[in-house]
Amino acid sequence: MTSNMDSDKEEFLREFGDDYGYPNAPKNIDEIRATEFKRLDHDGLVYLDHAGTTLYSETQMEAIFKGLTTSVFGNPHSQSDSSLATAEIIREARQQVLDFCNASARDYKCIFTSGATGALKLVGEAFPWSSQSTFMYTMENHNSVLGIREYALSKGATSFAIDIEEAAHDGGGCKSPVSSIKVLQRPTLRRNEATLLEEEPSGDAYNLFAFPSECNFSGSRFSLHLVNTVKDDTARVLEGSPYCKGRWMVLIDAAKGCATKPPDLSKYQADFVIISFYKIFGYPTGLGALIVRTEAAKLLKKSYFSGGTVAASIADIDFVKRREGIEEFFEDGTISFLSIASLHHGFKILNTLSMSAISRHTASLATYTRKILSTLRHGNGDHVCTLYGRHESEVLYDELGPIISFNLKRPDGSWFGYREVEKLASLSGIQLRTGCFCNPGACAKYLGLSHLDLLSNIKAGHVCWDDHDIVNGKPTGAVRVSFGYMSTFEDAKKLVNFIVSSFASWPTQAECVYLSRARSICFPDEGLKRSTPKYFLRAVTVYPIKSCAGFRVDSWPLSSTGLLHDREWLLKSLSGEILTQKKVPEMCLISTFIDLNLGILFVESPRCKVKLQIRLRTDFSTAGGDELDLYSQRYEVRGYDNEVSIWFSNAVGRPCTLLRCSGSKNSFCPERGKTKGMCRDVETKLNFVNGAQLLLISEESVSDLNKRLRLNVQEEGLEGPPIQVNPMRFRPNLVISGGAPYAEDEWRSLKIGNQNFVSLGGCNRCQMINLNPQEGEVRRSREPLATLASYRREKGTILFGILLRYDNSDEVGQDMDSWLQVGQEVHPKTD
């Protein structure tokens, strides 16, 4: 692996060596990573979500903390020495922001805001909208820009999105930026019914055009010539449209673009420029800036006043005198002066490297990665990756930024879901982002999603940040990787290697590559017996409280919900969130036990000195029952008194309440009829389980997994004890032994003793199985899920174990015949 990496890097440096690595800076890229970002190597992370937020350096934070601990910062709305010193720091920070965008302090002002969204909101609220105004914006815009539309429409203004294309030219000659732009207008939006739609906008109206310097979906960089073109020649650009009249102002959303290529406002005199500092140098968050032209600021209308924005006010009469300074006028309350004081240290790092070198460095990595991904092919010759954002026009678009947006295809032409890519990347230590990135216009444009597609996806339940990555055979979003100033060739190479190993399909031999259900790697049978295997029940485990530890028993009764009292309780936060180990890993340290003879649930926690006892029959609170919606099912629940809530709040370290299921009603299953193992069982009565009443694991399947884990350790030359997991890592209700590994995959039903069960298919595993409680703490790792993903992946799911439904249709009542006992023989059926 190392030799391959070395040779690949040598080839990369031959092509990009002049641009990569900051050869003229005090530290090159390898030294920067070794000294400033040790945490990445320590955690084995490849961080590729710099469009979401870039990373702060160690030197940067050390300097910030030193400044905080050695200086006294006073509230700038005061006249003390410390306050005056802080005000001077703020003045210097404003100038640094203006210098960053090459903006004259005479022509521009820097207004600090709560973030880029706060800056956009300020423009939308204060812009002089009228019924004659127009808000025009490119399809490629963040939701925070689209939100300005609400202010425009509420004032009766017109709003529409546009696509920008290069106009056709007759004859030869050089193309000028102005003559090369053609606007394709999307549907016109109006909301104020009282406005006469046929009334043409007048020349006195103020209009706003918004576009990003760099699209956060595709990485496309718009030519900043758009600024001057729209301001100076709107009539030609809009081709005689009535909306070309009036005074046009331009807003650049530079929140992403400033990280590698800030706009030059001495050349392209936009009226409003939006900046987000954590996207530039990682810290501070919650701080942004609006760079506004002085003349444009005078047109903004602001109603609210607050501390710091007024020179004088009288409480009991309608009198207020506002401050005249533009910054003071718009910065409500006390600005985040400690965060502003930290900006100097971020800019210092950028100035040391230089923005031009950062732009070249990140471009080299993005260009290399795009080149490799575009040439990847499956064994049948089809492309693996579909890349988004390429443009032929050099007039309308600059070179692509350090963002690569793509989706992956299978050899049969179907799509890999982007959530599958994200989950597998996380297991490989690669941090990236998926979805539409809050940019619905670019998402729809590049993915070819019509309005009908979008509405159909929403009707199917798709919303932002969910797992509905493929709807009606089409992706609903994409995979995005983005590079920052501290990214390395090794980061890019590991990403490429991950995509090749996980998603590229090559011609393989018939034997020992993929068995049924995607089982790679063949292990020889330890015996050559051909007789029908015998299976036995080895363990029964009950988990009374969802996500807490269970207890093993030799025998246990069955009920209409599976094992009696299994997942009959859960913990809910005061905000209504259901607590699970995914969010609160320490829940696995809470032990449980039910004594059926005493009728008591015993609960213990290392954080609580007293063992909690809950009587099964009489410990409900006096309050009436309630209803809870979970997993598309409605539950009737009962709560407990305050003493129980306090105990569990201490146990999990956050306020919560204990709820018990007292009944459930079936609802719907949005995934029904799709991939096996993905649908929740809604045909039977369920407690608070994720998918079905029972989960079964085979000892032989676990043994096979452990062999693979040991083999991976040997192949990778890792030090330390071999990784070993036991069946309980998977939180099974039933553990069986006998037969071949994964034989349970083929079972359709089974009988244990006299009890019948129906198989509902494989259990889709998540990162919860990577939590390993040891010595009173919970440790996270990438195993065993990473190894399972290498050979148990099927259509976006990682299957291990099977889900069961208890078939008690022939049983009446509950007696000793309705019990399971360890040692009983298991009789499976495959038809």
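As the structure is a computational prediction, the values presented were derived from the model and not from experiment.

Along the backbone of the chain there are 22 helices and 41 strands. For the chain, buried positions account for 51% of its 831 residues. Excluding contacts between residues fewer than 6 apart, the proportion of contacts in the chain whose partners are at least 24 apart in sequence is 72%.

As enumerated under the stated definition, the model contains 34 salt bridges in all. Measuring nitrogen to oxygen at the nearest pair gives 3.2 Å for the salt bridge that ties Glu36 to Lys27. We classify Glu36 as buried; its relative accessible area is 9%. One salt bridge connects Glu420 with Arg410, and the closest N-O pair in it is separated by 3.7 Å. Separated by 10 residues along the polypeptide, Glu420 in helix α16 (residues 418–427) and Arg410 in the loop between β15 (403–408) and α16 bring together distant segments of the chain. Across the pair, exposure class does not vary: Glu420 and Arg410 are buried alike. Through salt bridges with shared partners, a single ionic network connects Glu214, Arg221, Lys256, Lys261 and Glu399.

A few words now on the UniProt feature "modified residue: N6-(pyridoxal phosphate)lysine" (unreviewed entry) in the chain. UniProt annotation of "modified residue: N6-(pyridoxal phosphate)lysine" (unreviewed entry) refers to Lys279 when read in the numbering used here. Along the chain, Lys279 turns up in helix α11 (residues 278–281). A residue is classified by how much of its surface remains accessible, and Lys279, at 15% relative accessible area, is buried. Other than its neighbours up to four places away in sequence, Lys279 contacts His50, Ala51, Gly52, Thr54, Ala255, Lys256 and Ala259. Polar contacts involving the side chain of Lys279 include one to the main-chain carbonyl oxygen of Gly52, which spans 3.0 Å.

Before going further, it helps to spend a moment on the state of the cysteines. For the structure shown, the criterion picks out 1 disulfide. The disulfide partner of Cys436 is Cys443, and the S-S distance across this bridge is 2.1 Å. What sets the handedness of the Cys436 and Cys443 disulfide is the S-S torsion sign, and at about -45 degrees it is left-handed. Among the cysteines around Cys548, which has no disulfide bond, Cys588 carries the closest sulfur, lying 9.0 Å off. Exposure remark for Cys548: the relative accessible area of 0% places this residue in the buried category.

Let us look at the confidence of the model for the chain. Confidence in the prediction for the chain averages 86 pLDDT; 86% of positions are at 70 or higher. Under a pLDDT of 50 for its full length, residues 194–198 has, in the predicted model, 4 contacts with residues more than four places off or in other chains. A low-confidence stretch, residues 667–678 (pLDDT under 50), is modelled with 27 contacts involving residues beyond four sequence positions or located in other chains.

With that settled, consider the packing of aromatic side chains. Scanning the entire structure with this criterion turns up 33 aromatic pairs. Seen from their ring centres, Phe217 and Tyr388 are 6.3 Å apart, and the 45 degrees between their planes marks the pair as tilted. On the criterion of sequence distance, the pair formed by Phe217 in the loop between β6 (206–212) and β7 (221–222) and Tyr388 in strand β13 (residues 385–388) is long-range, its members being 171 residues apart. Here Tyr388 falls in the buried class, since its relative accessible area comes to 9%.

Turning our attention to the nonpolar core. Grouped together as the largest cluster of nonpolar side chains are 112 residues, with contacts concentrated most on Phe112, Phe209, Ile275, Phe277 and Ile499. Setting aside chain neighbours within four positions, we find Ile275 in contact with Val97, Cys101, Ala116, Cys258, Ile280, Gly288, Ala289 and Ile291. Of all hydrophobic cores here, the second largest spans 47 residues; its members include Phe551, Val584, Leu601 and Val826.

This part is about empty space enclosed by the protein. Per the counting criterion, the structure on display carries 5 cavities of 30 Å³ or more. As a volume, the largest cavity reaches approximately 70 Å³. Taken together, 13 residues make up the lining of the largest cavity; nearest its centre are Thr54, Ala259, Thr260, Gly484 and Tyr485. Among the residues forming the lining of the largest cavity, the class breakdown is 7 nonpolar, 4 polar and 2 charged.

Its place among the elements puts Lys301 in the loop between α12 (294–297) and β11 (310–314). The exposed category is assigned to Lys301, whose relative accessible area is 56%. Lys301 sits 179 residues away from Leu122 along the chain, and the two C-alpha atoms are 10.0 Å apart. Those residues in contact with Lys301 that lie beyond four places of it in its chain are Glu125, Ala126 and Pro128.

This part covers the sheet that holds strand β27 (residues 600–604). As summarised here, the arrangement of the 3 strands in space is β26-β27-β28, forming an open sheet in which the pairing is antiparallel. Sheet topology places β26 (591–595) and β28 (612–615) at the edges, where each strand pairs with a single neighbour. The mean angle between the axes of side-by-side strands here comes to 20 degrees, regardless of whether they run parallel or antiparallel. Judged from the 4 bridges that link them, β27 and β28 form a sheet pairing that is antiparallel. Counted as the bridge partner of Val603 is Leu612 from β28.

To continue, consider the sheet that holds strand β23 (residues 555–559). Spatially, 3 strands are ordered β24-β23-β40 in an open sheet, and the strand pairing comes out antiparallel. Two strands in the sheet have a free side with no partner beyond their single neighbour: β24 (562–563) and β40 (819–821). In this structure, β23 lies alongside β24, joined through 2 bridges in antiparallel fashion. Following the sheet pairing, Leu558 is matched in β24 by Leu563.

The next subject is unusual backbone geometry. The amide bond that connects Tyr283 to the next residue, Pro284, takes the cis arrangement and shows omega of 10 degrees. Structurally, the position occupied by Pro284 is in the loop between α11 and β10 (288–293). With an omega of 10 degrees, the peptide bond between Glu783 and Pro784 qualifies as cis. Inspection of the secondary structure assignment puts Pro784 in the loop between β37 (777–780) and α22 (785–791).

The subject of this paragraph is the UniProt feature "active site" (unreviewed entry) in the chain. With numbering matched to this structure, UniProt assigns "active site" (unreviewed entry) to Cys438. In this structure, Cys438 is in contact with Asn141, His142, Asn143 and Arg433, ignoring residues within four places of it in sequence.

Listing the buried residues of helix α20 (residues 642–652) in full gives Val644, Ser645, Trp647, Phe648, Ser649, Ala651 and Val652. Looking one or two residues beyond α20, the residue adopting positive phi is Gly653, at roughly 80 degrees.

Right, let's get into the packing of helix α15 (residues 355–375) against helix α19 (residues 489–503). Contact geometry of α15 with α19 gives a least axis separation of 10 Å together with a crossing angle of 15 degrees. One way to sum up the angle between α15 and α19 is to call them roughly parallel. α19 is crossed by α15, and the crossing has right-handed handedness. On α19, the residues touching Leu365, Tyr368, Thr369, Ile372 and Leu373 of α15 are Phe489, Ala492, Lys493, Leu495, Val496 and Ile499.

What follows deals with the side chain of Glu744. Tracing the chain through its elements places Glu744 in the loop between β33 (734–737) and β34 (749–752). For the buried Glu744, which has no salt bridge, the nearest side chain bearing the opposite charge is Arg792, at an N-O separation of 5.9 Å.

Let's shift gears to the environment of Leu408. Within the element layout of this structure, Leu408 appears in strand β15. Each C-alpha atom, one on Leu408 and one on His383, is 8.6 Å from the other, the two residues being 25 residues apart in sequence. If near-sequence neighbours (up to four positions away) are discounted, Leu408 is found in contact with Val384, Cys385, Ser414, Trp415, Phe416, Val421, Ile499 and Phe503.

Let us now look at the environment of Ile349. Relative to the elements of secondary structure, Ile349 occurs in helix α14 (residues 337–353). Ile349 sits 289 residues away from Gln60 along the chain, and the two C-alpha atoms are 7.5 Å apart. Once residues lying within four places of it in the same chain are set aside, the contact partners of Ile349 are Ser57, Gln60 and Tyr485.

Reading the values: rules and limits
- Per chain, residues are indexed from 1 in the order of the written sequence.
- It should be noted that, the model being predicted, local features are given only for residues of pLDDT at least 70 and side-chain atom pairs only at 80 or more, the latter also being counted only at that level, while totals for whole chains, interfaces and linings use all residues.
- By convention in this description, side-chain values take in all heavy atoms of the structure and omit both hydrogens and water.
- Secondary structure elements follow DSSP: runs of H or I no shorter than four residues count as helices, runs of E no shorter than two count as strands, and numbering proceeds from the N terminus.
- Exposed residues in this analysis have more than 50% of their type's maximum accessible area, buried residues have under 20%, and partly exposed residues fall in between, with area computed by a 1.4 Å probe over protein chains only.
- For this analysis, residues touch if any pair of their heavy atoms sits within 4.5 Å.
- Whenever Lys or Arg places a side-chain nitrogen within 4 Å of a carboxyl oxygen from Asp or Glu, that contact is recorded as a salt bridge.
- UniProt positions are given in the numbering used here, feature names are shortened, and annotations may be inferred rather than shown by experiment.
- Counted as a polar contact is a pair of N or O atoms within 3.5 Å, where, for protein atoms, one must be capable of donating a hydrogen and the other of accepting one, and residues adjacent in sequence contribute only when both atoms are in side chains.
- Here, a disulfide means two cysteine sulfur atoms that sit within 2.5 Å of each other.
- pLDDT is a per-residue confidence score from the predictor, ranging from 0 to 100.
- Two rings from Phe, Tyr or Trp (for Trp, the six-membered ring) form a pair when their centres are within 6.5 Å of each other. A pair whose planes differ by under 30 degrees is stacked, one over 60 is edge-to-face, and the rest are tilted.
- Residues belong to a common nonpolar core when they are buried Ala, Val, Leu, Ile, Met, Phe, Trp, Tyr or Cys residues joined through side-chain atoms within 4.5 Å.
- Grid points spaced at 1 Å and placed over the protein atoms alone form the basis of the search, with a cavity being a set where a 1.4 Å probe fits but cannot get out and a pocket an open set showing protein on both sides within 12 Å along at least five of seven lines. Lining residues have an atom within 4 Å of a point.
- Grid points are joined across faces, edges and corners, and a volume is the space filled by probe spheres set on the points.
- Nonpolar residues are Ala, Val, Leu, Ile, Met, Phe, Trp, Tyr, Cys and Pro. Charged residues are Asp, Glu, Lys and Arg, and all others, Gly as well, are polar.
- Here a strand pair is declared whenever DSSP counts at least two bridges between the two strands.
- A fitted line through C-alpha atoms serves as each axis, taken over the contacting stretch for helices, and the angle formed by two N-to-C directions is quoted from 0 to 180°.
- Oblique is the label for every angle not falling under 35 degrees (roughly parallel), over 145 degrees (roughly antiparallel), or within 65 to 115 degrees (roughly perpendicular).
- Each helix crossing is assigned a hand: it is left-handed if the near helix lies turned anticlockwise from the far helix by less than a right angle, otherwise right-handed if that turn is clockwise.
- In summary, the charge assignment counts Lys and Arg as positive and Asp and Glu as negative, without counting His or the chain termini.

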